[in-house]
Amino acid sequence: EAGVAQSPRYKIIEKRQSVAFWCNPISGHATLYWYQQILGQGPKLLIQFQNNGVVDDSQLPKDRFSAERLKGVDSTLKIQPAKLEDSAVYLCASSSGGGGTYEQYFGPGTRLTVT
Amino acid sequence: GESVGLHLPTLSVQEGDNSIINCAYSNSASDYFIWYKQESGKGPQFIIDIRSNMDKRQGQRVTVLLNKTVKHLSLQIAATQPGDSAVYFCADQRPGGKLIFGQGTELSVKP
C-alpha cells in the first residue's frame, strides 16, 4: 500500500513570497491533517479535513495560511506572504476515520526555509 | 494550557542496553496516548499506544507505562539497537483525532 505522498520535499523562498505544498493521502482515507513542525519541536496541528470539509482549523494563521481539499482526496496548503518564522517542516497525515482511535499515517514532509 | 512534555531532550545508550524515555502531560482528561518514532527526513511513525484504563502495554521490544496519578508515561525499549536511533515523541490524541505532541527525545545508540 502506498503511503502519504508530499511534494515538494524541500523549498527555499524569501520572506513575503508565497508557497504551496501538496499532499496525496493513502487511498480511501477520509481524514487528512496538516501539521507544522518547527526544528526541535513536536508537530503542531494546523488543520484537519474530513472528506472535503474542515473539522478543525483553530491553530491555522488564517491571515496568511490557507488550505483546501476540494475533491476530498488530495490537499494543498498555501502560505502567502511567508514570514521567517514559517520555516519548518510541513507534515501531512491521513487516517481512515476521523475519531480519536484511528491511526494517523504521516508523509515525509516538506521542509520550508524562509530567508 | 494543555501540554505534553518530555523530561530529557537527548538520551545516549549502549547497543544492547535498555532505554527509557519519559513524558509528562498536563490534561487530566487525556485518555489516549501514543508514542511515535521519527527518523531524520521522515514523518513520525506509530510505535505503541495506551489508553487511560490501562497502566501497561507491551509490544515487540517496547513497553509503555502510564501513571495517571502523576500524569506520566514512559517508553521502554529492550535491547536497544542502532536502528532505534531517532527522535521519540509522546502524543495525546484527542477524541476528534487531533494529536498534541511533546517536544521529543533524541535517542542515540552507541555500537
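What counts, and where the lines are drawn
Residues numbered from 1 in each chain as written. Chains lettered and ligands numbered in written order. Predicted model: local features only at pLDDT ≥ 70, side-chain atom pairs only at ≥ 80, totals over all residues. Heavy atoms only, no water. Helix = DSSP H or I, 4+ residues; strand = E, 2+ residues; numbered from the N terminus. Buried < 20%, exposed > 50% of the residue type's maximum accessible area, 1.4 Å probe, protein only. Contact = heavy atoms within 4.5 Å. Buried area = accessible area lost by both parts, 1.4 Å probe. Polar contact = N/O pair within 3.5 Å; in protein donor to acceptor, adjacent residues only side chain to side chain. Nonpolar A, V, L, I, M, F, W, Y, C, P; charged D, E, K, R; others polar. Salt bridge = Lys/Arg side-chain N within 4 Å of Asp/Glu carboxyl O. Pairing = 2+ DSSP bridges. Axes fitted to C-alpha atoms, helices over the stretch in contact; angles between N-to-C directions.

Draft legend 1. Quick look at the environment of W34 of chain A. With respect to the helices, strands and loops of the structure, W34 of chain A is situated in strand β4 (residues 31-37). Exposure remark for W34 of chain A: the relative accessible area of 0% places this residue in the buried category.

Draft legend 2. How the structure looks around the interface of chain B and chain A. Counting from both sides, the interface comprises 20 residues of chain B and, opposite them, 24 residues of chain A. For the pairing of chain B and chain A, the buried interface totals around 1,500 Å² over both sides, and the portion due to carbon and sulfur atoms is 48%. The largest contributions to the chain B side of the interface with chain A come from P44, K98 and F101 of chain B, which together make up 27% of the buried area. Where chain B touches chain A, the interface holds six residue pairs in polar contact (both at pLDDT 80 or more). Counting residues per element, the side of chain B that touches chain A draws most heavily on strand β4 (residues 32-38) of chain B, at three residues. Split by residue class, the side of chain B that touches chain A holds eight nonpolar, eight polar and four charged.

Draft legend 3. The arrangement of unusual backbone geometry in detail. Residues and elements named next belong to chain A. Of note, the bond from S7 into P8 is cis; its omega dihedral lies within 30 degrees of zero at -10°. Its place among the elements puts P8 in the loop between β1 (5-7) and β2 (10-13). A cis amide bond links Q80 to the next residue, P81, at an omega of -5°. Looking at where P81 falls in the secondary structure, it is placed in the loop between β8 (75-79) and β9 (88-95).

Draft legend 4. Up close: the pattern of salt bridges. All names here are of chain B. Summed over the entire model, instances satisfying the criterion amount to six salt bridges over all chains. Of the charged contacts, one joins D84 and R61 as a salt bridge, the two residues approaching to 2.9 Å between their closest N and O atoms. Of this pair, D84 sits in the loop between β8 (72-77) and β9 (86-93) while R61 sits in the loop between β6 (56-58) and β7 (62-67), and the two are 23 residues apart along the sequence.

Draft legend 5. Looking closely at the sheet that holds strand β3 (residues 19-24) of chain A. Residues and elements named next belong to chain A. Ordered in space as β1-β3-β8-β7, the four strands form an open sheet in which the pairing is antiparallel. The outermost strands of the open sheet, each flanked by one partner alone, are β1 and β7 (65-68). If you compare each strand with its neighbour and ignore which way they point, the axes differ by 15° on average. Sheet topology places β7 next to β8; four bridges connect them, and they run antiparallel. When the sheet's bridge partners are listed, S66 is paired in β8 with K78.

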